[in-house]
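# Residue-level structure breakdown
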Amino acid sequence: MFLEEFLPKSISKLCNTCSCALGGAMLGFASYYGDHMVLQKEPAGAVVWGYGEPGPAVTVVLSGDGGLIIMKKTAEVIGPSRTWTTVLDPMDQGGPYVLMAGQGSQNVTLQDIYFGDVWLCSGQSNMVMTVSQIVNASQELADAARYPYVRVFAAAPARSDVELEDLERINLPWSIPTAENLGNGNFTYFSAVCWLLGRYLYEALRYPVGLVEAAWGGTPIEAWSSPRALQACGLPEDTGSPALSSSISPHQQLSGPQTPSVLWNAMIHPLLNMTLRGIAWYQGEANTLLHTELYNCTFPALIADWRRAFHAGSAGQTELLLPFGFVQLSTYRRQSPDDSFARLRWHQTADLGVVPNARMPSTFMAVAMDLCDERSPYGSVHPRDKQNVAHRLQLGARAVAYGEKDVVFQGPYPTRAILEVTRGLLNLTYSQELVCRQRDTRAFEVCCSSQPSPCSWLPAPVVAVGSRTVTLALAGCRMLVVALRYAWAEWPCEYQSCALYNTQGLPAPPFLLDALPAGETSGHSEPTAGRELLLLPGSWFSPGI
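Residues numbered from 1 in each chain as written. Predicted model: local features only at pLDDT ≥ 70, side-chain atom pairs only at ≥ 80, totals over all residues. Heavy atoms only, no water.

If you check helix α4 (residues 192-205), its first and last C-alpha atoms are 19 Å apart, about what 14 residues at 1.5 Å a residue would give, namely 20 Å. Extensive coverage of α4 is indicated by the burial of twelve of its 14 residues. Listing the buried residues of α4 in full gives Ala192, Val193, Cys194, Trp195, Leu196, Leu197, Gly198, Arg199, Tyr200, Leu201, Tyr202 and Leu205. Put simply, Ser191 is the residue that caps the front of α4, since its side-chain oxygen is 3.0 Å from the backbone nitrogen of Cys194. Phi turns positive, to about 65°, at Arg206, one or two residues after α4. (Helix = DSSP H or I, 4+ residues; strand = E, 2+ residues; numbered from the N terminus. Expected span 1.5 Å × (residues − 1). Buried < 20%, exposed > 50% of the residue type's maximum accessible area, 1.4 Å probe, protein only. Polar contact = N/O pair within 3.5 Å; in protein donor to acceptor, adjacent residues only side chain to side chain.)

Below you can see the structure in the form of structure tokens.
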């Protein structure tokens, strides 16, 4: 647990580590407090907790680097776990500070502490990929020394059948970034997406950022979900039950880190006392093979459950609507007929296409379907361009978490459709100015009312692109269009070459929309004026999902 013991000969018995063992007694901070850490700044108060002996209260003192006492708190040691907890007064950004916990004659001191914003990064292998594995890795690693106020911490992969109070193991204690600890090895530490997100946020905020990585490759969302969250989606806790095994191969059983709730128990539950500013999540590939159809429930349920748990665990200091950013799935196999990646991408938005939305408030999404990497030495499911992923994430964080009104963080999305039956055209109006990078004949597809169910999707080639409009040809679809979809493929386009982007270079997200007649367009009676269609998220109506 990286709990080193240092017992100097001085009579004060000072222990400059996480814990101090003297005469069988133990005083210490919890495993994820240490030298060089970042604690959450105001308006929240940072929660600090640790271990002690029953009896005398633990005194927690925050001091300036020169020894000036900033604040002093006392906490009682409670429960069989012999833990103490206190909440520091809200602190402005900055440092360095010294944090000391004392009980009786024992003292434990942490040095070089800063206050800033703390972000938790979690998910599976695309979150685990380290800085040494990405595009331009050598330069990114060399640049690490320029960011001493972006501090990093990585929990070790661990699983448990019961909820743990503290981390069992740590891969990287709180550290100042170096080329060595950002690029320790393949799929170890430190997360490239997490690091780049924190670095870009630091460049925008200009104050300390603390990054906490808790991720494990190849893991489904069920492993990161509490039993409460699983129950909310009708999933049983019994991993051997037929209901849980119904959507996986008969030869595959959930075990190890794939077992429901084991990563919640060992890697998330121990962190709940930490005061956070936000969460970044990159996960979903494993769920293209497991409970794909339930991800529109399991993902919003995990977000809501984590928020409640972090809010309660931090004594209300972590805000209830904790900003939650995520990466929409990238790509895997070129020309694959399977649409599980496309369905999972849609379910990542709770079947509403864009976030934040009513089911997923205070969330933001980085679209990544145009960042394919067929030649990745780590497999095409692990694209190496994590810079664009993190750039798109930080735009969402600045807009949603930090309230920057002038930051554009979403790509263009259709808001209106006019069907010209006699001309065989469908005119779409978009929310933003468009840039067409590729006239892909299969980017758009339509489902027509003349077709039997389930629908056989027909290509709708782009024939014209205006400032905010796209005109599609409906060859083979002479009846009413009942559904429309875009970029609905495992590998929808080549690198940064999907059909539509906005002027800031953000790709239009994929969608599946129902098109319902809304009557004749206002002020027109001639057939060529067309019929307006209501565009609604296609989850229950469309035959394509």
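Following the structure, the description resumes.
It is worth spelling out the pattern of salt bridges at this point. If you walk through the whole model with that rule in mind, you get 22 salt bridges. Across the salt bridge formed by Arg151 and Asp112, the nearest N and O atoms sit 3.0 Å from each other. With Arg151 in strand β11 (residues 150-155) and Asp112 in strand β10 (residues 106-123), this residue pair connects regions lying 39 residues apart in the sequence. For the residue pair Arg151 and Asp112, the accessibility class agrees, reading buried in each case. Here the salt bridges share partners, and the residues they tie into one network are Glu140, Arg199 and Glu203. (Salt bridge = Lys/Arg side-chain N within 4 Å of Asp/Glu carboxyl O.)

A few words on the side chain of Gln328. With respect to the element layout, Gln328 can be found in the loop between β15 (324-327) and α10 (340-347). Assessed through its relative accessible area of 1%, Gln328 is described here as buried. Among the polar contacts made by the side chain of Gln328, one reaches the main-chain carbonyl oxygen of Arg345 at a distance of 3.1 Å. Setting aside chain neighbours within four positions, we find Gln328 in contact with Arg345, Gln348, Thr349, Met365, Ala366, Val367, Ala368 and Pro510. (Contact = heavy atoms within 4.5 Å.)

Attention now goes to the state of the cysteines. Taken as a whole and judged by the stated rule, the model has three disulfides. The side chain of Cys121 participates in a disulfide bridge whose partner is Cys194; the two sulfur atoms lie 2.1 Å from each other. Disulfide Cys121 to Cys194: torsion about the S-S bond roughly 75°, handedness right-handed. With a gap of 73 residues between them, Cys121 in strand β10 and Cys194 in helix α4 connect regions that are remote in the sequence. Residue Cys121 shares its accessibility class with Cys194, and that shared class is buried. Paired by a disulfide, Cys233 and Cys297 hold their sulfur atoms 2.1 Å apart. One disulfide, between Cys233 and Cys297, carries an S-S torsion of -95° and so falls in the left-handed class. You can see Cys233 sitting in the loop between α6 (227-232) and α7 (242-245) and its partner Cys297 sitting in helix α9 (residues 295-313), a full 64 residues away along the chain. Take Cys233: its relative accessible area is 10%, and that puts it in the buried class. Left unpaired, Cys372 is separated from the closest cysteine sulfur, that of Cys493, by 6.1 Å. Given the relative accessible area of 8%, Cys372 is considered buried. (Disulfide = S-S within 2.5 Å.)

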